[in-house]
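# Fold and contact review
Here's the letter readout for the chains.
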Amino acid sequence: MYFVYFLGTAGSGKSTMTKVFGEWLEDHEMSACRVNLDPAVKQLPYFAEVDVRRYVDYNELLESGLGPNGAMVKSVDLILQHATTLRKEIEECLSNYVLVDTPGQIELFAYRKVTLELLRELSGGDKSAIVYLIDSTILSKEENQLDPYAFASLAVLGASLKIRFRLPQVNVINKVDLLSMEQRFQLDAWLEDMRSIAYSVGGEEGTLTIRLIEAIEDSGGIGEMLVSSAVTEEGLDSLYAALQRSFYGGEDYA
Ligand code: GTP
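Not measured: the values here are computed from a predicted model.

## Examining the site of the ligand
- The environment of the ligand is formed by 15 residues, the closest being G11, K14, T16, D177 and A230.
- Here an oxygen atom of the ligand sits 2.9 Å away from a polar atom, N or O, in the main chain of S15.
- For the ligand, whose accessible area on its own is 650 Å², the fraction buried by protein is 67%.
- Looking at which element gives the most residues to the shell around the ligand, the answer is helix α1 (residues 14-27), with three residues.
- Its residues assigned to classes, the shell around the ligand comprises four nonpolar, eight polar and three charged.

## What to know about helix α11 (residues 236-249)
- The end-to-end C-alpha distance of α11, which contains 14 residues, comes to 20 Å, matching closely the 20 Å that a straight helix rising 1.5 Å per residue would cover.
- Turning to α11, its buried residues number three or more, namely L236, L239, A242, L243, Q244, S246 and F247.
- Looking at the buried positions of α11, the neighbouring elements they touch are β1 (2-8), α1, β4 (97-101), β5 (127-135), β6 (169-174) and β7 (224-227).

## Structural notes on the packing of aromatic side chains
- Tallied over the full model, the rule gives nine aromatic pairs.
- Centroid distance Y2 to Y97: 5.2 Å. Interplanar angle 45 degrees. Geometry classified as tilted. Of the two residues, Y2 is situated in strand β1 and Y97 in strand β4; the sequence distance between them amounts to 95 residues.
- By relative accessible area, which is 19% here, Y2 ends up buried.
- Under the relative-accessibility criterion, Y97 is labelled buried at 1%.
- Ring pairs connect the aromatic residues Y2, F21, W24, Y97, Y240, F247 and Y248, which therefore count as one cluster.

Definitions and limits used
Residues numbered from 1 in each chain as written. Predicted model: local features only at pLDDT ≥ 70, side-chain atom pairs only at ≥ 80, totals over all residues. Heavy atoms only, no water. Near = heavy atom within 4 Å. Polar contact = N/O pair within 3.5 Å; in protein donor to acceptor, adjacent residues only side chain to side chain. Areas by Shrake-Rupley, 256 points an atom, 1.4 Å probe, with all protein chains shown as cover. Helix = DSSP H or I, 4+ residues; strand = E, 2+ residues; numbered from the N terminus. Nonpolar A, V, L, I, M, F, W, Y, C, P; charged D, E, K, R; others polar. Expected span 1.5 Å × (residues − 1). Buried < 20%, exposed > 50% of the residue type's maximum accessible area, 1.4 Å probe, protein only. Contact = heavy atoms within 4.5 Å. Phe/Tyr/Trp six-rings, centres within 6.5 Å; stacked < 30°, edge-to-face > 60°.

Printed below as a string of structure tokens:
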């Protein structure tokens, strides 16, 4: 089994990508097991063969007096107690690919101590990768322009995830159907050479931006950077190819 963990800021398209990439795999004669790890989600666009909501009741935690963030933190802690059962359910899917949809608020999931243990328990020694989804709409500055600082700050978040999880990582700029042709042109130039962002920034923040991008590039990068759209299905084949490369070229989660 290959585990793919979809991570990204709220609304970046994790659930939609779990759906469309699962369908893409099935259309290409592979099988997918969809795992929902978000206890707070109300509706999913796909059927989750494995769903944490069967074991963790987020609403009950809210009713017990915790706020939304406190209830999410507690939920993530509670998921770990069910890791063995979740792993068993995943094995029963008998699928090549396990697509894991993670909670919307990335900081309440990725940066909890229990999360690393949870991933280890779920993956159980099978090859795993992070797919970090970047929401194109956050990159849009104004019509026909992209915001280099937004791009750099999301790349830095990608670097943070890379050092947090220490797993093979594929970075996907999602919802590119919402970008104009000019914005796509600008994005393609940054993706070809992230250092070219230097031409679009200035001042004190510009220096920091350039230094951070250089640090990412000089250290070997944060993994492949692709574009995708769940609407047009652009990039799903490239995502598959990048995952294959990361599974065969990457290291196991230790
Ligand atoms: P949370 O778990 O709530 O953080 O959201 P999420 O990251 O799972 O995002 P979700 O899949 O719910 O998508 C958020 C919104 O973006 C929905 O309205 C989707 O229909 C829309 N969306 C997702 N992918 C795309 C895309 O590629 N293009 C466009 N245009 N919209 C998209």
